[in-house]
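Observations on the model geometry
Now for the letters of each chain:
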Amino acid sequence: MGGMPTPTWSVVPLLPGTSADSAASLNLSQDGALIRRSVLPGGIRVLTEDIPSTRSVALGAWVAVGSRDEAEEHAGSSHFLEHLLFKGTARRSAYDIAAAFDAVGGEANAATAKNYTCYYARVLDADLPMAVEVIMDMVTSSLLDPEEFETERGVILEELAMALDDPADLVHERFTETVLAGHPLARPIGGTPETIAALSREAVLAHYRASYVPEELVITAAGNVDHDAVCAAVLAGARAAGWSLPDDAAPAARREATSAVYAPSRTVSVRRPTEQAHVILGGRGLATSDPRRFALGVASTILGGGMSSRLFQEIRERRGLAYSTYSFTSGYAEGGVLGVYAACAPAKVGAVLDVMRAELARLVEEPVADDELARAIGQVGGTFVLASEDTGSRMSRLGLAEIVTGRLISTEETLQRYRSVTAGDIQQVAADLLAEPPSVVLVGPDQSVLD
């Protein structure tokens, strides 16, 4: 991207771990790489992490709008829009978009979450100008062609049908709906067959025009990347689309953390003609900004984070009750969920639930032994570092820090926070989250096991 004009934005220092909003830009050396953040005209934010030793770049275009932001009758609009942005613009057909990345051995895809939508690509560093141009064209200038809209409606209905046919997917979806019932976070990201069948192109177009605007757009890139060149290319793409880009425009405010809405605990069963029953026991979790999340991460690892975890050892290794069992957590601005999962023969559900309840209670009642605590801290820390070694993970870290938490925490600080977790911290966070009875969600052939 050499030869670009001199940028008109500035870069000023920002200390690690502070709010990204405390300065218009940042210039930060972190984890051996240079991280820079700039706010462009129109309020567009660009964050890059320069890793000169790589030959590739991961690029992401983020909009902090997801399934939780939709009107209930338009549920699934964000995910629908994710599909449509690959179907063509005034300058490029769907084939042109696909061929542009295929021609350089790159890849492009997208993901919709409850909090955001991200369009991402990974290419060689020399091909980054193409990737920025194509992704910006998609984000700013999608046609949402009526014929393509109907075609994609069919594709999405098939995608939803596939998820409904997968009992493991279905039990997780129903669990979130159960714990967060009454809150927009409870809604499925893709909508339902009923909402997608009724969704109009006009509704999705209105969602596109309201959400895909300069102040909501965040561009992140990690790899062998020149920050100023990326800024210039992003700005050129926005101007080519005819976006209004006032110099004094501010980025959209980050989502405020309000009180989470947790539903009373209950038992939910969904009948499916499967060989196994899929069961989750759990309830409330922690918000993404909650300082206790590091203790919860270690606790979840002890509970069901690997082959040496308590659930795996007791349910699978000692008793042979299930092949697959684990624990999981999810966090959002207001709160989150914590659950334990297993898939087993219907006749074994009662025994599996007994073990799950006993192990959850044990976290509260007994301090974790020193060797088990050290092993869990080593596991969660090692997993975190290994997961952050590639450019795609680093690109995602920048995007999530900007639009979700507002804080960029270094690898070393993250590891230190995990290492500082004590047995008392684990008991306390477990007691806090398990004070209310957990919910049970089951997908399987025989519902009498819950009677």
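Residues numbered from 1 in each chain as written. Predicted model: local features only at pLDDT ≥ 70, side-chain atom pairs only at ≥ 80, totals over all residues. Heavy atoms only, no water.

We now examine the overall build of the chain. Across its full length, the chain holds 15 helices and twelve strands. Relative to a compact globule of 451 residues, whose C-alpha radius of gyration would be 22 Å, the chain shows 23 Å and is just as compact. Considered along the principal axes of its C-alpha atoms, the chain spans approximately 65 × 50 × 40 Å. Counting only residues that meet the buried cut, the chain has 51% of its 451 residues in that class. At a minimum sequence separation of 6, the contacts of the chain that also span at least 24 residues come to 79%. Here the chain displays about 19300 Å² of accessible surface, and carbon together with sulfur accounts for 52% of that area. The positive charge centre, built from 37 side chains, and the negative charge centre, built from 59, are 3 Å apart in the chain. (Helix = DSSP H or I, 4+ residues; strand = E, 2+ residues; numbered from the N terminus. Rg over C-alpha atoms; globule rule 2.2 N^0.38 Å. Buried < 20%, exposed > 50% of the residue type's maximum accessible area, 1.4 Å probe, protein only. Contact = heavy atoms within 4.5 Å. Areas by Shrake-Rupley, 256 points an atom, 1.4 Å probe, with all protein chains shown as cover. Lys, Arg positive; Asp, Glu negative; His and termini not counted. Charge placed at Lys NZ, Arg CZ, Asp CG, Glu CD.)

A separate point is the pairing of strand β2 (residues 33–39). Extensive coverage of β2 is indicated by the burial of five of its seven residues. Two elements, β2 and strand β3 (residues 45–50), share six bridges in a ladder whose sense is antiparallel. If you follow Arg 37 over to β3, its bridge partner there is Leu 47. Between β2 and β3, which pair antiparallel one after the other, the connecting turn spans five residues, and Gly 42 there sits at a positive phi close to 90°. (Pairing = 2+ DSSP bridges.)

Applying the stated rule across the entire model yields nine aromatic pairs. Centroid distance Phe 80 to Phe 149: 4.4 Å. Interplanar angle 10°. Geometry classified as stacked. Of this pair, Phe 80 sits in helix α1 (residues 77–84) while Phe 149 sits in helix α4 (residues 146–165), and the two are 69 residues apart along the sequence. Residue Phe 80 is classed as buried on the basis of its relative accessible area of 0%. On the numbers, 6.2 Å between centres and 65° between planes, the contact of Tyr 119 with Tyr 212 is edge-to-face. A residue pair is termed long-range when its members are at least 10 positions apart, and Tyr 119 in strand β6 (residues 117–124) and Tyr 212 in the loop between α7 (201–211) and β7 (217–223) qualify at 93 residues. (Phe/Tyr/Trp six-rings, centres within 6.5 Å; stacked < 30°, edge-to-face > 60°.)

Backbone geometry at Leu 144 places phi at a positive 50°, although glycine is not the residue there. Structurally, Leu 144 can be placed in the loop between α3 (128–141) and α4. Taking the relative accessible area as the measure of exposure, Leu 144 reaches 2% and is therefore buried.

With that settled, consider the pairing of β3. The element β3 is largely enclosed, with a buried count of five among its six residues. Both β3 and β7 contribute to a ladder of six bridges, which runs parallel. Residue Val 46 lies in a different strand from β7, and its bridge partner there is Ile 219.

Turning next to α7. Within α7 the residues assigned to the buried category are Ala 203, Val 204, Leu 205, His 207, Tyr 208 and Ser 211. In the core, the buried residues of α7 are packed alongside β4 (56–63), α1, α3 and α4.

As a further point, take the nonpolar core. Proteins that are soluble and globular tend to have nonpolar side chains buried together. Counting 50 residues, the largest nonpolar core has Ile 44, Leu 217 and Val 234 as the members making the most contacts within it. Dropping the residues within four chain positions of it, Ile 44 is found in contact with Ser 38, Val 39, Pro 214, Leu 217, Val 234, Ala 238, Trp 243 and Leu 245. Counting residues in hydrophobic clusters, the runner-up holds 39 residues, among them Leu 296, Leu 311, Val 340 and Ala 342. (Core = buried A, V, L, I, M, F, W, Y, C linked by side-chain atoms within 4.5 Å.)

Our next topic: the side chain of Glu 216. In this structure, Glu 216 sits in the loop between α7 and β7. Buried charge without a partner: Glu 216 forms no salt bridge, and the closest opposite charge is Arg 45, 5.0 Å away. Once you skip the residues sitting within four places of it in the chain, Glu 216 turns out to touch Arg 45, Trp 62, Val 63, Ala 64, Ser 211 and Ala 252. (Salt bridge = Lys/Arg side-chain N within 4 Å of Asp/Glu carboxyl O.)

Another aspect to go through is the environment of Trp 243. Within the secondary structure layout, Trp 243 lies in the loop between α8 (227–240) and β8 (267–271). Looking at Trp 243, the relative accessible area reads 15%, which means it is buried. In this view, Trp 243 contacts Ile 44, Thr 140, Tyr 212, Val 213, Pro 214, Leu 217 and Ala 238; residues no more than four positions away in its chain are not counted.

In this structure, Thr 112 sits in strand β5 (residues 107–112). Placed 32 residues apart in sequence, Thr 112 and Phe 80 show a C-alpha to C-alpha distance of 9.3 Å. Setting aside chain neighbours within four positions, we find Thr 112 in contact with Ser 78, His 79, Glu 82, Thr 117 and Ile 189. Reaching out from Thr 112, the side chain makes a polar contact with the side chain of Glu 82 at a distance of 2.4 Å. (Polar contact = N/O pair within 3.5 Å; in protein donor to acceptor, adjacent residues only side chain to side chain.)

Attention shifts here to the sheet that holds strand β10 (residues 322–331). Strand order in this open sheet of five strands is β8-β12-β9-β11-β10, and the pairing throughout is mixed. Sheet topology places β8 and β10 at the edges, where each strand pairs with a single neighbour. Direction aside, neighbouring strands of the sheet carry axes that sit 15° apart on average. Of the strand pairs in this sheet, strand β9 (residues 277–284) and strand β12 (residues 439–444) are connected by five bridges, and their pairing is antiparallel. By the bridge assignment, Val 279 is partnered in β12 with Leu 442. (Axes fitted to C-alpha atoms, helices over the stretch in contact; angles between N-to-C directions.)

This part is about the confidence of the model for the chain. On average, residues of the chain carry a pLDDT of 91, and 92% of them reach 70 or more. Ignoring residues within four places in sequence, the model shows residues 1–24, a span with pLDDT below 50, making 57 contacts including any to other chains. (pLDDT = per-residue confidence, 0-100.)

Closest axis-to-axis distance for the α3/α8 pair is 9 Å, and the angle between their directions is 35°. Seen along the crossing, α3 lies across α8 with a hand that is right-handed. Only Val 230, Ala 233, Val 234, Gly 237 and Ala 238 of α8 make contact with α3, whose side of the interface consists of Leu 128, Val 132, Met 136 and Thr 140. Among the residues making up the contact of α3 with α8, the classes are represented as seven nonpolar, two polar and no charged. (Left-handed = near helix turned anticlockwise from the far one by under 90°. Nonpolar A, V, L, I, M, F, W, Y, C, P; charged D, E, K, R; others polar.)

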